[in-house]
Amino acid sequence: MATIGIFFGSSSGVTRKVAELLANEFSGAQLIDMEEDFDGIEQFEEFDVLLLGSSTWGQGDPQRDWVDPLFDLSNDSPDLSGKKVAFFGAGDQKTHGEHFLSALGKMDDLFLSLGADVYGYTSTAGYDYKFSLAQRGDKFCGLGIDDVNQEELTQERVIAWANQLKNEMGL
Ligand SMILES: Cc1cc2nc3c(=O)[nH]c(=O)nc-3n(C[C@H](O)[C@H](O)[C@H](O)COP(=O)(O)O)c2cc1C
């Protein structure tokens, strides 16, 4: 059975909520709060599957608890070949539509450069924003949650994505 780590950074609780909903969908998955539980980038090696969650802040930046880990990954360049990875995160398409979910795009670029296999791209249909570094053609490079403007869609989006990952990753 594949081991699953759900790593999340969340400042006001939205990405945490998504991480907890995901944990309900993947029995045995371990939740790692980047602020409280993260020890270092070796922790990514402990799992077969990494579900990585970050909200977007500033000008499209990852949530603050991700800054050092992402720097360390890009500095140390560990080989993540064969690691199954997927990204999720929260943003605000209305007030911050000039960089909606952009943190996920930065994480996707980095993990792909380290050899990870990235899953869980989702359609951009149903979102209205100006620009996103997380956009790849007509998809986002992961699950985008906008709990500020579309709270009513959060739970169904999470459950649909969990089912997509189970299929894509063969879990
Ligand atoms: C100062 C500030 C800057 C923000 N910048 C962005 C941004 O660039 N892109 C985006 O999609 N959302 C942006 N947001 C919205 C947050 O990402 C959103 O509120 C999210 O739900 C927070 O999730 P969290 O509670 O998991 O941290 C910003 C919010 C604030 C208050």
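Overview of the structure. (Residues numbered from 1 in each chain as written. Predicted model: local features only at pLDDT ≥ 70, side-chain atom pairs only at ≥ 80, totals over all residues.)

In terms of helices and strands, the protein carries four helices and 11 strands. Computed over C-alpha atoms, the radius of gyration of the protein comes to 14 Å, within 12% of the 16 Å expected from 2.2 N^0.38 for 171 residues, which places it in the range of a compact globule. With respect to the three principal axes, the spread of C-alpha positions in the protein is 35 × 30 × 30 Å. Relative to all contacts within the protein whose residues are 6 or more apart in sequence, the contacts with residues 24 or more apart total 75%. (Helix = DSSP H or I, 4+ residues; strand = E, 2+ residues; numbered from the N terminus. Rg over C-alpha atoms; globule rule 2.2 N^0.38 Å. Contact = placed C-beta atoms within 7 Å.)

What follows covers unusual backbone geometry. At S77, a residue that is not glycine, the phi angle is positive and equals roughly 45 degrees. You can see S77 is positioned in the loop between helix 2 (67-76) and strand 6 (84-90). One non-glycine residue, L101, adopts positive backbone phi at about 60 degrees.

The next point concerns the nonpolar core. One finds I6, V18, L50, L51 and L104 to be the most contacted residues of the largest nonpolar core, which totals 43 residues. Of all the secondary structure elements, the ones that give two or more residues to this core are strand 1 (4-9), helix 1 (14-25), strand 3 (49-54), strand 6, helix 3 (102-113), strand 11 (143-145) and helix 4 (151-169). With five residues, the top contributor of residues to this core is strand 6. With residues up to four places along the chain from it excluded, the contact list for I6 reads A19, L22, A23, A29, Q30, L31, I32 and L51. (Core = buried A, V, L, I, M, F, W, Y, C linked by C-beta atoms within 7 Å. Buried ≥ 20, exposed ≤ 12 C-beta atoms within 10 Å, placed from the backbone.)

Turning to helix 3, a few remarks are in order. The terminal C-alpha atoms of helix 3 lie 17 Å apart, and with 12 residues this matches the ideal 16 Å at 1.5 Å per residue to within 8%. Looking at helix 3, one finds that the buried residues are S102, A103, L104, G105, K106, M107, D108 and F111. The positive-phi residue at the C-terminal boundary of helix 3 is G115, with phi of around 95 degrees. (Expected span 1.5 Å × (residues − 1).)

In the vicinity of the ligand there are 22 residues, among which S10, S12, T15, S55 and G91 approach most closely. Taken together, the residues of the shell around the ligand break down into six nonpolar, 14 polar and two charged. (Near = placed C-beta within 6 Å. Nonpolar A, V, L, I, M, F, W, Y, C, P; charged D, E, K, R; others polar.)

Reading across the sheet, the three strands line up as 8-10-9 and stay open at both edges, with antiparallel pairing between neighbours. At either margin of the open sheet sits one strand with a lone partner, and together these are strand 8 (122-123) and strand 9 (135-136). Here strand 9 runs beside strand 10 (residues 139-140); their pairing, made up of two bridges, is antiparallel. Paired with Q135 across the bridge in strand 10 is F140. (Pairing = 2+ DSSP bridges.)

Locating E168 in the fold gives a position in helix 4. Taking C-alpha positions, E168 is 29 Å from W57, a pair spaced 111 residues apart along the chain.

Here we take up the pairing of strand 2 (residues 30-33). Judged from the four bridges that link them, strand 1 and strand 2 form a sheet pairing that is parallel. Residue pairing for strand 2: F8 is matched across the bridge by D33. Crossover strand 1 to strand 2 through helix 1 is right-handed. (Right-handed = clockwise from strand over helix to strand, strands pointing away.)

Before going further, it helps to examine the pairing of strand 6. Counting buried positions along strand 6 gives seven out of seven residues, so the element sits mostly inside the fold. With five bridges joining them, strand 3 and strand 6 adopt parallel strand pairing. In the strand pairing of strand 6, L50 is matched with V85. Across three bridges, the pairing between strand 6 and strand 7 (residues 117-119) is parallel. Looking across to strand 7, one finds that V85 is bridged to V118. As for the winding sense of the linkage, the β-α-β connection from strand 6 through helix 3 to strand 7 is right-handed. With three bridges connecting them, strand 6 and strand 11 associate as parallel partners. Paired with F88 across the two strands is L143, which belongs to strand 11.

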